[in-house]
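Working through the structure, step by step
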Amino acid sequence: MLNPDEEKLVEVDVAIVGAGIAGLWLLNRLRGAGYSAVLLEKSALGSSQTIASQGMIHGGLKYALAGTLTGAFESIKLMPQLWQQCLDGNGEIDLRATRKLSDDFIMWSAGSVGSKLVSFFASKSLRGRVEKLKREDFPPPFANSPYKGTIYRLVDVVLDVPSLLENLSAPHMPAIAKTEQLDWRTGEQEVEQLVCDNGVAIRARRYVITAGEGTGAILSALNIQQPEMQIRPLHQVMVKHKLPYSLYGHCIGAQTSASPRLTVSTHPCRDGDPVWYLGGDLANDSIDWSSDRLIDHARKELADIFPWLDFSGAQWATTLINRAEPKQEQLIKPDTAFSSGTDARQNVVVAWPTKLSLAPDLAQQVLTLLQDQIQPGPARHFEQLSALPKPPIATPLWDEVWG
Ligand SMILES: Cc1cc2nc3c(=O)[nH]c(=O)nc-3n(C[C@H](O)[C@H](O)[C@H](O)COP(=O)(O)OP(=O)(O)OC[C@H]3O[C@@H](n4cnc5c(N)ncnc54)[C@H](O)[C@@H]3O)c2cc1C
C-alpha cells in the first residue's frame, strides 16, 4: 500500500520543463528512443519565442551576408534537409501534418548587391541552394513592378508555427501537462522532484530545462551559476493589410551589413487578412524605441523598398520579444544550439536552441548526452499526470492583437 504522497509521484526517466520548439522536439525524440518522459509547460505550447518566430527554416544563408561563411552557417546548413525529411514523412519525426507557408524564400536587394556577395552566391558551396531569378520568374509583389534589382531564390521552407506545434504535441499529449506552479525540491547536489499544481509530483532521473527566457529564473532558484543566460530583444512589426501578396524573404541593405535590412514573412490572420511580419535590422536596431516611432520608421521603410505598393489602409502593431540564449561575450549571437550539464545540480541539463531551425540539432545533442548517462526505462504512476490540465497551443501574435 502506497502512502498518499507516493501515489501521486510520477516517476520517469526525463522531465522536460518548457514546451516551446526545444521541449517539444526533445520530447518526440526521447519517447521515440524509448525513454519515459514528461513535458511540463506553465502556460501554452510555444507561448514565447516559438509562436513569435517567423517560421523560417533557414540554412543560415542570411548569416553569410557579409560574403563569407561564418560558424553559424556551418552548423545550421544541414538543418533544412533534416526538416524536409520530417515534412515528407521520412525523418526522425513525422511532420506531414505541419502546414508549409512557403516552399522557398527570396533575397532581394534594395540597392546594388556587393560584388563579393554576388560571387559568394554563385560559389560552389551554395550550388543548388541559391538561384538567381530571371525577371519573368520574379514572384509577387515584384512581378510586373518597377523593381530593377536582383532577386535570389533560396530553397528553404517557411512553416506555419501553430500547425507545427499541433503536429509535435498531438501524438504525445498524454505526456504533456500544464502546471503554473513548479516547486523544485532539491537535495545537496541533485533535484529530487518537481511538485506541480494539484500536488502532482514528478521524480525524474534527469531534468532538462528548455524554458527559453524562463530558464533564467529556474537557474537562480537552483543556485546554478553555469551555464548563464543572455537576452537579446527584437522589436518586430506587424502590418495587417488587404494586398494579395504573400512575401517571404530578406531584403539586403548595405553591402557590408552582416544581417538583412528587412525580413518579411506573411501569416494569415483569423479573419483571413494577411499580416506582413517584419524583422531584420528594423527589429534589431529599434529595441529602445516607442511603438509609434517604430511604426513610423517601418512605414518609411516599406515606402522606400516597395514604392509601388499602397499600405495606406493597413493596420500596424509592434511587439517586443526577447531571444533567450547561452551567454556570449559582448552579447553576440551564439553560433549553434546549446546544451550542457550544470555546475550545481548533477541531474539537470540546460538547453537553448538559439534558432527554431536548430531544434533538431539541440534534441540530438541532449539525446546523445542522456544516452551516455541513463538507459530507457518504464514510467511509474504515469496516469497521475492526468490530474493536471493540458496546455493549449499558443495564440499567434496577430490574433492577440486583431483576433
Ligand atoms: C521575433 C523572433 C523571430 C524568430 N524567427 C525565427 C525564424 O524565422 N527561424 C528560426 O530558425 N528561428 C527564429 N527565431 C528564434 C526561435 O524562435 C527561438 O530560437 C526558438 O523558438 C526558441 O525556442 P525555445 O523552445 O527554446 O523557447 P520558447 O519558444 O521561448 O519556449 C519556452 C517555453 O517554456 C515555457 N516556460 C518558461 N518558464 C517556464 C517554467 N518555469 N515552467 C514551465 N514552463 C516554462 C514558456 O511558457 C514557453 O512555452 C525567432 C525568434 C524571435 C524572437
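One structure accompanies this document, and this report is about it. (Residues numbered from 1 in each chain as written. Predicted model: local features only at pLDDT ≥ 70, side-chain atom pairs only at ≥ 80, totals over all residues.)

1. Details of the overall build of the protein chain
Looking only at helices and strands, one finds 12 helices and 18 strands in the protein chain. Over its C-alpha atoms the protein chain spans a radius of gyration of 22 Å, differing by no more than 12% from the 22 Å that the globule rule assigns to 403 residues. On the principal axes, the C-alpha backbone points of the protein chain span a range of 80 × 45 × 40 Å. Counting every position in the protein chain, which comprises 403 residues, the buried fraction comes to 46%. (Helix = DSSP H or I, 4+ residues; strand = E, 2+ residues; numbered from the N terminus. Rg over C-alpha atoms; globule rule 2.2 N^0.38 Å. Buried ≥ 20, exposed ≤ 12 C-beta atoms within 10 Å, placed from the backbone.)

2. Looking at the site of the ligand
In the vicinity of the ligand lie 38 residues, with Gly-18, Gly-20, Ser-48, Gly-212 and Gly-214 positioned nearest. Mapped onto the shell around the ligand, the elements with two or more residues apiece are helix 2 (21–32), strand 2 (37–41), helix 3 (49–52), strand 12 (229–240) and strand 16 (315–326). Across the shell around the ligand, the residue classes break down as 15 nonpolar, 19 polar and 4 charged. (Near = placed C-beta within 6 Å. Nonpolar A, V, L, I, M, F, W, Y, C, P; charged D, E, K, R; others polar.)

3. Points about the pairing of strand 18 (residues 348–352)
Extensive coverage of strand 18 is indicated by the burial of 5 of its 5 residues. In strand 18, alternate side chains face the same way, and those of Val-348, Val-350 and Trp-352 on one face and Val-349 and Ala-351 on the other are all buried. Taken together, the 4 bridges between strand 17 (residues 338–341) and strand 18 define a ladder with antiparallel strand orientation. Paired with Ser-340 across the bridge in strand 18 is Val-350. (Pairing = 2+ DSSP bridges.)

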